[in-house]
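Architecture and fold: a report
Next come the chains, spelled out residue by residue.
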Number of protein chains: 4
Amino acid sequence: MAGNSFGQAFRITTAGESHGPGNVVIIDGCPPGLRIDLDEITADLARRRPGQSRLVTQRKEQDLPEILAGVFEGRATGTSIAILIRNEDQRSRDYADIKDKYRPGHADHSYDAKYGFRDYRGGGRSSARETTARVAAGAIAKALIREAFGGQVLAYTKQIGDLIADVPEPEKLTLQQVEQFADGQPNPVRCPDEAVAQQMITLIERVRKEQDSIGGVSEVVATGVPAGLGEPVFDKIKADLAKALFSLPAVLGVEYGVGFGCATARGSENNDVFVVEGGAIRTTSNRHGGMLGGITSGMPIVLRAAIKPTSSLPQEQQTVTREGQPTTIRTKGRHDPCLLPRFIPMAEAMVALVLADHWLRWQGQSSAQGAQ
Amino acid sequence: MAGNSFGQAFRITTAGESHGPGNVVIIDGCPPGLRIDLDEITADLARRRPGQSRLVTQRKEQDLPEILAGVFEGRATGTSIAILIRNEDQRSRDYADIKDKYRPGHADHSYDAKYGFRDYRGGGRSSARETTARVAAGAIAKALIREAFGGQVLAYTKQIGDLIADVPEPEKLTLQQVEQFADGQPNPVRCPDEAVAQQMITLIERVRKEQDSIGGVSEVVATGVPAGLGEPVFDKIKADLAKALFSLPAVLGVEYGVGFGCATARGSENNDVFVVEGGAIRTTSNRHGGMLGGITSGMPIVLRAAIKPTSSLPQEQQTVTREGQPTTIRTKGRHDPCLLPRFIPMAEAMVALVLADHWLRWQGQSSAQGAQ
Amino acid sequence: MAGNSFGQAFRITTAGESHGPGNVVIIDGCPPGLRIDLDEITADLARRRPGQSRLVTQRKEQDLPEILAGVFEGRATGTSIAILIRNEDQRSRDYADIKDKYRPGHADHSYDAKYGFRDYRGGGRSSARETTARVAAGAIAKALIREAFGGQVLAYTKQIGDLIADVPEPEKLTLQQVEQFADGQPNPVRCPDEAVAQQMITLIERVRKEQDSIGGVSEVVATGVPAGLGEPVFDKIKADLAKALFSLPAVLGVEYGVGFGCATARGSENNDVFVVEGGAIRTTSNRHGGMLGGITSGMPIVLRAAIKPTSSLPQEQQTVTREGQPTTIRTKGRHDPCLLPRFIPMAEAMVALVLADHWLRWQGQSSAQGAQ
Amino acid sequence: MAGNSFGQAFRITTAGESHGPGNVVIIDGCPPGLRIDLDEITADLARRRPGQSRLVTQRKEQDLPEILAGVFEGRATGTSIAILIRNEDQRSRDYADIKDKYRPGHADHSYDAKYGFRDYRGGGRSSARETTARVAAGAIAKALIREAFGGQVLAYTKQIGDLIADVPEPEKLTLQQVEQFADGQPNPVRCPDEAVAQQMITLIERVRKEQDSIGGVSEVVATGVPAGLGEPVFDKIKADLAKALFSLPAVLGVEYGVGFGCATARGSENNDVFVVEGGAIRTTSNRHGGMLGGITSGMPIVLRAAIKPTSSLPQEQQTVTREGQPTTIRTKGRHDPCLLPRFIPMAEAMVALVLADHWLRWQGQSSAQGAQ
């Protein structure tokens, strides 16, 4: 029972490696009639694409999606959708090092322990390149939640190293505020606090020069989500969102609302107060991050994910060979000194996939309600 | 597509409410021949039982499990196992308040938004009473991983409020160190740092007198787990463990290894170094918390979960009625001023369920390996 | 990955053996608000109950269901429903024969080969007693399809031995016509062709006196089902209905519409002609049995299942012991000389479960259609 | 919850239409290390390919598979495998008829009722062209069961119209006996009874000249399957095999062993007698078709599927338009006058997929058996 599917009612299944022919996703359960805009898919792929700025890896990929099935005259037919993103930059390289040595912080050793052997070219299936398939599917999930209930998902870089952005009202952010500076120039770190963003850029460049890498935190906000999404008791929306984010490479922690800050809180201060605003029940604060009892409350969903510094380093690191002999390794060539800029569209995709899935699950069960 | 099942190869399905006849779990996929020890199930249920100390809710429940199916002559038959834990203390109460008012921090409003109505008696399905079913199944999962690969799962209270236990080598803890003080007396907070444990007890008692509640952090450690568990790319072991813990009531954050601390780390310091010890590949540190690439590395798994302060408070809180009218509410009677002591066996159960499930999933796929 | 769950959106999970404490079913996904009528569940259980007539096994069971969870004030809450049917007649018997010898036509040998050992008391999990759980859940599925779209499922005995009932318009049958003779007396074979029914009764009694058993065919008809149920390409409604019926004990064949008769047909005669009647698209004949392309067509669904003669026989049969020694076996005591009468409610339950499941699956996917 | 996945431990997910870019399958759960032979995949695709003889449709397709992922140096990596078969012959046609009229016996009306619209080009997803993906995956499943336990699956044409082949020992058939006549010439109907095969050829040619089509029956035999496959109580092997075959286009009936013949049988004659042969427990006859209690018995598995005559006919048929107006339709151009020859590899693929899946499921659960 391998684990290459995600979701139940809106379900994706993916395949693909770093240096194979390409990555493919099959989406099952997309509502018939939904408009599928190839440009939207391409746009999100461009946000996670290597080579988009000098802060990220310089691997050359166009990442142009080809729809193989499930779309007719621009709309989902209701049957399964397949999208292929071919790998282009499979440059001939010397993989001898990766083949025989275990890169620290990587999946090399774990894969060998699990499968007995591995596709060592660029990390194979453990490479973040597999997230192209997720981002392509996520673009369709975004379209679905937008059309179905006006939902929107936006992520941004909250923290890199000690630099923490000040974003007091994340639920009011726009995509443009994340993607561009005020002067219209691209914001390569995707941090909407411009002053901090400039410091982040400087930090990443310094880290890269030092042949090192640096971690960070991303915040993801989903707005326009109605109260009612989430399935007790195991598929609570918080549980599926956490799984979604933890399934991404390099994520070491996830929290929502007040998160780990709840440990020091009293109940009397932590409980958000219900009020009625404009006819709708809301809370005056959002320490609960939009989810109560594992079900959306109608308030914005606010999540944070901690991303570790890239494990691949150009500097020499100690390790062992497959046979257990001590050795050293140095990852040549292209790598991301900080994963945050390219993590943003991945996080958005995974959150959108969960919301699309739970929306359809909810509709299915409650559809017969009128009948009683 | 409701969400009352968890796991795939070792799969549990549960039903039950706070004040219905009882809670039941069906376990599907248990290996035939596994010894099922009713005492082990009862022992873990006793650790989550209300009334076990003066620090927890005083609801009276025996929580004695009845095995309905799937066990013959003390061993699992390989077909589905069913266990029933009846509710006993369904005291006749005045639920008028809960019926018509939304308790702050609770699922009342979310359930109404989702289902249109709810079983308001004691929270119904949103009550933590449903975790009896999980803990019963978790005891069997613990037996499975112990017999299959010598695995063990142990949780303890790491933090309550500002009080943080000093447990330098959590992978060496014993159940006795968590459950008892050095003098053999029960440790009601399940914190193995005795000095801090005493302060925690004092804090919880003060909080209770103040008609308030307090949050905390639990650390969960799994030892003896071989390298190789976890299914790329969505069912990474870290993703399923996070979902498992987030599916428990009151969990607002989960991290593993260095967790959110990775945000400020450099790759050169964050990567754990591979070495060979006693013929096995290990790492000299465990910042990766026993999981690399979403697959176990053979090092101890170390997770932490943040638990919010109990939402039910005896003190008056502002809220609204179902009809949206402002009102106040005061939760009468029994409640836990701090959830940590009873959370410990729940966390262990969920982690054991994930390990049992992934073990069987792995064995299934790799079983044909010898054939090639 | 054991197989004790069925369905996806309306999903049941069962446990229980012939001579354990009881059988339990958890239903996940039932729409909130659905009225749950304990009498309806009890009534269907009574139709499959042993001892209902002298034609069936005389085991004494009340088969009274207890709802453990998921129902509040007579309605489904939307969370999981659990129902328990206790075994009462677990008379102390000498199982030595069954324990050590493989009954011909039974699962004894297969279970041993699969699991290494088995609960030999009355067949354990392989006993048809497990269908109590299915029938209880099926009664709720029947209520759901009735409330949601006016659907109805009815099965009857079409054939026993060479005796074939003449039922020209099965889609017009009523439950009463199946359950009672024209004079109001119970029809113990559930065959609405009274003349043939009387012959069937005579045949079954003769077979029983001869210490033998006899097979037959059941026809199942579902009416009021809208066009549109069924999920390409694997979960075609015909595929899930066939699986549902084949999952019942003793079923050796399933066909729908013209069934195996299609082998000798020409396309020009086999195709049903579309016409418009009363504004709806229908076919002038129903050789397609209500399903085209694996999706319901709006015409009545007509299925047939072939049931083998009971394997347990009071007469002596040749076999081997667990150790492979030749021996003979004679099944003592109670058994059904013909399975058809008690098969009828089982077949109805399974068909109703599939229709309920597919209805909810369809609603889930198509719920967002209005949004585009 | 759409239905484009099949299997659990060995799980395939497919997408693709008749006239879209191509068909793709993702296989999840393939054991790592399994040799993947592109020639084997291509060979089975050639057996289902259009244009292979003058008895089948003359659509021109090479059906050459491209492996997109999951295979490294000729072996399965253990992660997901993706295979693409592009459509080549998408000749520009006039689809006006199919677009606006409902073809009798086809899924056109059902798809419209379900999804609101459809890809009408050549039937879209309802076309049997989607089975390319199944056959490609089935070739890998065949390799798996061969390597894992020496299993083999072979199907042949048992009946077309009134012509019934005499194949007394189907478990001894070879692929060559099905594919070729004794003189080495290809056998275009895949019926190993040469005399009957010649009559079948004549019949199909006559039917085609009459602008008509004809049905038939295929028998599928699986040998070398150990006792123990199948999961009580819903995923009985007979239930999953029946679903597998019923999920194929045009299948109206499935039976195993004595099948519908059981209706007229007495238990005393129907029960197969257990004996020991060569140290193994076997039965002296195989009326049970290799499955008892829904679990394989170690005897050959013997199934039959009834296939309806092709619905597409060059002769004029009455029908209605989408708007419900009476009209006539005549399917132009290429079609199969009899589906049997190309059905054979599809049936083999589906049966092999079920056996591979259940083998892995069984291994997973029983892997821990040694531990107790």
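Remember, it's a predicted structure, so these values are computed and weren't measured experimentally. Here the residue numbering is sequential within each chain, running from 1 through the sequence in written order. Written order determines the labels here, with chains lettered from A and ligands numbered from 1. Reporting in this predicted model follows two pLDDT cut-offs: at least 70 for local features of residues, and 80 or more for side-chain atom pairs to be given and counted; totals over whole chains, interfaces and linings ignore these cut-offs and use all residues. Side-chain metrics rest on all non-hydrogen atoms present in the structure, leaving aside hydrogens and water.

Concerning the confidence of the model for chain A
Across the chain, each position has a pLDDT score giving the predictor's confidence in that residue, from 0 to 100. Per-residue confidence for chain A gives a mean pLDDT of 94, with 97% of residues at or over 70. Taken over the whole predicted complex, pTM reads 0.97, whereas the ipTM for its chain interfaces reads 0.97.

Description of the pairing of strand β12 (residues 274-277) of chain D
All names here are of chain D. Only when DSSP finds a minimum of two bridges between them are two strands counted as paired. Here a helix means four or more residues in a row that DSSP labels H or I, a strand means two or more in a row labelled E, and each is numbered from the N terminus. When β12 meets strand β13 (residues 280-283), the two strands line up antiparallel, connected through four bridges. By the bridge assignment for β13, E277 is matched with A280. Here β12 hands over to β13 after two residues, with G278 in that stretch at a positive phi of 60 degrees.

A few points about the pattern of salt bridges
The salt bridge definition used is simple: a Lys or Arg side-chain nitrogen within 4 Å of an Asp or Glu carboxyl oxygen. Enumeration over the complete set of coordinates arrives at 140 salt bridges over all chains. Among the salt bridges present, the one from R304 of chain B reaches E255 of chain B, with a minimum N-O distance of 2.8 Å. Of the two residues, R304 of chain B sits in strand β16 (residues 301-307) while E255 of chain B sits in strand β11 (residues 251-256), which places them 49 residues apart along the sequence. When a residue's accessible area, from a 1.4 Å probe over protein chains only, is under 20% of the maximum for its type it is buried; when over 50% it is exposed; and in between it is partly exposed. The class of R304 of chain B is buried, set by a relative accessible area of 13%. Judged by relative accessible area, which is 10%, E255 of chain B ranks as buried. We note a salt bridge from R266 of chain D to E210 of chain C, for which the minimum N-O separation is 2.6 Å. With R266 of chain D in the loop between β11 (251-256) and α8 (267-270) and E210 of chain C in the loop between α6 (194-209) and β10 (216-223), this residue pair bridges two chains. Through salt bridges with shared partners, one network takes in D44, R47, K142, E179, R190 and E348 of chain A.

Digging into the sheet that holds strand β16 (residues 301-307) of chain A
One open sheet holds the ten strands; their spatial order is β9(A)-β8(A)-β10(A)-β16(A)-β11(A)-β11(B)-β16(B)-β10(B)-β8(B)-β9(B), and the pairing between them is antiparallel. In this open sheet, the two edge strands, each paired with only one partner strand, are β9 (163-164) of chain A together with β9 (163-164) of chain B. Those strands touched by helix α7 (residues 237-246) of chain A are β11 (251-256) and β16 of chain A together with β11 of chain B, and its axis lies near 155 degrees from that of β11 of chain A. Between two residues, a contact is recorded if the distance between any of their heavy atoms is within 4.5 Å. Note on definitions: angles span 0 to 180 degrees between N-to-C directions of axes, and those axes are lines fitted to C-alpha atoms, for helices only across the stretch in contact. Packing of helix α9 (residues 340-366) of chain B onto the sheet brings it into contact with β8 (152-160), β10 (216-223), β11 and β16 of chain B, and relative to β8 of chain B it is tilted by some 145 degrees.

Observations regarding the sheet that holds strand β4 (residues 65-69) of chain C
Residue and element names in this part refer to chain C. Judged by pairing direction, the sheet is antiparallel, and its five strands sit side by side in the order β1-β2-β3-β7-β4 without closing on themselves. Because the sheet does not close on itself, it has two edges, and the strands there are β1 (5-6) and β4. Pairing of strand β3 (residues 22-28) with strand β7 (residues 81-86) involves six bridges; the strand directions are antiparallel. Directly across from I26, in β7, lies its bridge partner A82. Set on the sheet, helix α1 (residues 38-48) makes contact with β4 and β7; between it and β4 the angle comes to about 135 degrees.

Details of the packing of α1 of chain C against helix α4 (residues 131-149) of chain C
All names here are of chain C. Here α1 crosses α4 at 135 degrees, and the two axes come no closer than 9 Å. The orientation of α1 relative to α4 falls into the category oblique. Handedness of the crossing formed by α1 with α4: right-handed. For the pair α1 and α4, contact is made by E40, I41, D44, L45, R47 and R48 and by T131, T132, V135, A136, A139, I140, K142, A143 and R146, respectively. Here the word oblique covers every angle except those under 35 degrees (roughly parallel), over 145 (roughly antiparallel) and from 65 to 115 (roughly perpendicular). Each crossing gets its handedness from the near helix: less than a right angle anticlockwise from the far helix is left-handed, clockwise is right-handed.

Description of the relation of the copies chain D and chain C
Two copies of one chain are present, and they are related through a rotation about an axis combined with an axial shift. Least-squares fitting of one copy onto the other uses the C-alpha atoms of those residues that reach a pLDDT of at least 70 in both copies. Aligned on chain C, chain D shows an RMSD of 0.0 Å; the corresponding rotation is 180 degrees and the shift along the axis is 0.0 Å. These values place the two chain copies in the arrangement generated by a two-fold rotation axis. A share of 100% of the interface residues of chain D reappears at the interface of chain C, consistent with the copies meeting face to face through the same patch.

Overview of the interface of chain D and chain C
Residue-level contacts link 110 residues of chain D with 112 residues of chain C. Summing the contributions of chain D and of chain C, the shared interface buries around 8400 Å²; its carbon and sulfur component is 59%. By definition, the buried area sums, over both parts, the 1.4 Å-probe accessible area that each loses when the two are put together. When residues of chain D are sorted by the area they lose upon contact with chain C, M1, K114 and F234 of chain D head the list and together hold 11% of the total. For the pair chain D and chain C, the number of links is ten salt bridges. Under this definition, polar contacts are N or O atom pairs within 3.5 Å; protein pairs additionally need one hydrogen-donor-capable and one acceptor-capable atom, and for neighbouring residues in sequence, both atoms have to be side-chain atoms. Here chain D is connected to chain C by 55 residue pairs in polar contact (both at pLDDT 80 or more). Under the scheme applied, nonpolar residues are Ala, Val, Leu, Ile, Met, Phe, Trp, Tyr, Cys and Pro; charged residues are Asp, Glu, Lys and Arg; polar residues are all the others, including Gly. A breakdown of the residues in the side of chain D that touches chain C according to their chemical character gives 49 nonpolar, 38 polar and 23 charged. Inspection of the sheet shows strand β11 (residues 251-256) of chain C paired to β11 of chain D by three bridges, in the antiparallel sense.

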